[in-house]
Amino acid sequence: MLFRSDKVFALLGPVGTPTSSATQPIATESGVPFIAPFTGAEFLRNPFKPNVVNVRASYFQETEEMVERLTKDRGIKNIAILYQDDGYGRAGLAGVQKALEKRGMKLVAEGSYERNTVAVKAALLNIRKGNPEAVIMVGTYKPCAEFIKLARQVKLDAVFMNISFVGSNALAKELGDAGKGVVVTQVVPFPEDTSVPLVASYQAALKAVDANAQPGFVSLEGYMAGRLMIEALKKVPGEPTRKALLDTVFSSSFDLGGITLAYGKDDNQGMDQVFLTVIQGGGKIKPVKALEQAGG
């Protein structure tokens, strides 16, 4: 056990919902800070866990934004979902169902695929039966790209919306020209918008490590996690302890440069913002304010 044998001070940036589900209870039992998990799963937020420090908005907030934009910007009523059949995918499914129920709506169809596969054909057949106007996708980039390519081949005319964990840059590259009009929600600012001081400092740090590295949403989220840890440790009075670090986080806010992470009593999530992006032809990605700007 790393916590005992190696005396790990904190876990920073653990990746994924199933992995966090397995490791967070151990960290909580050991009093180890579980900082900036790369997942929006609700169980890390509610009920409140005093050793968990989230940076990003939750999957419930992302899926709420998706349904809000689909219904308000496009007037869409028939929504289906593709999800990865594991804790991550089911967390997204629960978020979509909650957002729809809030509006007196239900999914017109759903399909799932097995983790670590691209076996999405059966899911596509199930979803096509519902004749959806939009398909919300909670998965990883390869199976989601495979689904979109196949859907376009069978003339499924729908808006395709992906949750942030998909990996926007990888998805855009995998789709190529087939990605035009595909929407991805984001939980960090646009990584090429250097008018945001945080992004400018992130790009400078990225280039200092690798002059050829390209800015991306995933590495920006990792940079934010590192900045939070540094700023929190600076604020800890005296010798850092696990308890002192957590006490400092939950009594503070952190200005990272145009983006503020704010925490408080029973509030372990720093950001609530959800941003919209759309994939362009040739794999480019651009930020948009509403789905009218997304095309596709």
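This is a predicted model, so every value here is computed, not measured.

J.: For this particular structure, what's the right way to read the nonpolar core?
T.: Grouped burial of nonpolar side chains is what soluble globular proteins tend to show. Core analysis: the largest hydrophobic core is formed by 63 residues, its most contacted members being V135, F147, F160, L171, M224, L261 and Y263. For this core, the element with the highest residue contribution is helix α9 (residues 217-235), accounting for eight residues. Every residue in contact with Y263, bar those within four places of it in the chain, is listed here: V53, N54, V55, L228, V249, F250, S252, F254, N268, Q269 and G270. Ranked by size, the runner-up nonpolar core spans 28 residues in total, among them L100, A134, V138 and F165.

J.: Explain the pattern of salt bridges to me, please; I cannot follow it from the model alone.
T.: Side-chain pairs of opposite charge can arise whenever the charged atoms involved come near each other. Enumeration over the complete set of coordinates arrives at 14 salt bridges. R103 serves as the salt-bridge partner of E68, at 2.7 Å between the closest nitrogen and oxygen. You can see E68 sitting in helix α3 (residues 59-73) and its partner R103 sitting in the loop between α4 (87-102) and β5 (109-113), a full 35 residues away along the chain. Relative accessible area serves as the criterion here: at 22%, R103 is assigned to the partly exposed category. Several salt bridges converge on common partners, so that one network encompasses E64, E68, K72, K102 and R103.

J.: Where do I start with the layout of surface pockets in this structure?
T.: If a probe the size of a water molecule is rolled over the atoms, the empty space left behind becomes visible. Quantified by volume, the largest pocket comes out at close to 350 Å³. Among the elements of the structure, β11 (275-279) and β12 (285-288) are those that each provide at least two residues to the lining of the largest pocket. Here the element with the most residues in the lining of the largest pocket is β11; it accounts for three residues. Split by residue class, the lining of the largest pocket holds 11 nonpolar, four polar and three charged. Space inside the second largest pocket adds up to approximately 250 Å³. Surrounding the second largest pocket, N169, A172, K173, F190, P191, E192, Q214, P215, F217, G283, K284 and I285 form its lining. It is helix α7 (residues 168-175) that contributes the most residues to the lining of the second largest pocket, three residues altogether. Here the residues of the lining of the second largest pocket are counted per class, giving six nonpolar, three polar and three charged.

J.: Help me understand the sheet that holds strand β8 (residues 183-186) in this model?
T.: Sheet strands pair by backbone hydrogen bonding; their relative direction is either parallel or antiparallel. Read across the open sheet, the seven strands follow the order β5-β4-β6-β7-β8-β11-β12; overall the sheet is mixed. One side of each edge strand has no neighbouring strand; the edge strands of this open sheet are β5 and β12. Adjacent strand axes in the sheet meet at a mean angle of 25 degrees when their direction is disregarded. Pairing between strand β7 (residues 159-162) and β8: two bridges, direction parallel. Across the sheet, residue N162 finds its bridge partner in β8, namely V184. Here α4 sits on the sheet and contacts β4 (79-84), β5 and β6 (134-138); the angle it forms with β4, its principal contact strand, is near 160 degrees. Sitting on the sheet, helix α6 (residues 141-153) touches β4, β5, β6 and β7, and the angle it makes with β7 is about 180 degrees.

J.: When you look at the environment of P25 in this model, what are you seeing that I'm missing?
T.: Position of P25 relative to the elements: it lies in helix α2 (residues 17-30). With relative accessibility at 39%, the residue P25 sits in the partly exposed group. In sequence terms P25 and Q203 are 178 residues apart; their C-alpha atoms lie 35 Å from each other.

J.: It is not clear to me how the side chain of R45 should be interpreted in this structure. Could you clarify?
T.: By secondary structure assignment, the location of R45 is in the loop between β2 (34-35) and β3 (52-53). It turns out R45 is buried and unbridged, and the closest side chain with the opposite charge, E42, is 5.5 Å from it. If we ignore the near neighbours within four places in the chain, the residues touching R45 are T39, G40, N54, R56, A57, S58, N268 and Q269.

J.: Is there a simple way to explain the pairing of β11 in this structure?
T.: In terms of residue burial, β11 counts as a mostly covered element, since four of its five residues are buried. Bridge count between β8 and β11: four bridges; the pairing is antiparallel. When the bridges of β11 are listed, Q186 appears paired with F275. Sheet topology places β11 next to β12; four bridges connect them, and they run antiparallel. When the sheet's bridge partners are listed, V278 is paired in β12 with K286. Hairpin geometry of β11 and β12 is characterised by an intervening segment of five residues between the two adjacent antiparallel strands and by a positive phi of about 80 degrees at G282.

The rules we used
- Residues numbered from 1 in each chain as written.
- Predicted model: local features only at pLDDT ≥ 70, side-chain atom pairs only at ≥ 80, totals over all residues.
- Heavy atoms only, no water.
- Core = buried A, V, L, I, M, F, W, Y, C linked by side-chain atoms within 4.5 Å.
- Buried < 20%, exposed > 50% of the residue type's maximum accessible area, 1.4 Å probe, protein only.
- Helix = DSSP H or I, 4+ residues; strand = E, 2+ residues; numbered from the N terminus.
- Contact = heavy atoms within 4.5 Å.
- Salt bridge = Lys/Arg side-chain N within 4 Å of Asp/Glu carboxyl O.
- 1 Å grid on protein atoms, 1.4 Å probe; cavity = no way out; pocket = protein on both sides within 12 Å on 5 of 7 lines; lining within 4 Å.
- Points joined across faces, edges and corners; volume = space filled by probe spheres on them.
- Nonpolar A, V, L, I, M, F, W, Y, C, P; charged D, E, K, R; others polar.
- Pairing = 2+ DSSP bridges.
- Axes fitted to C-alpha atoms, helices over the stretch in contact; angles between N-to-C directions.
- Lys, Arg positive; Asp, Glu negative; His and termini not counted.

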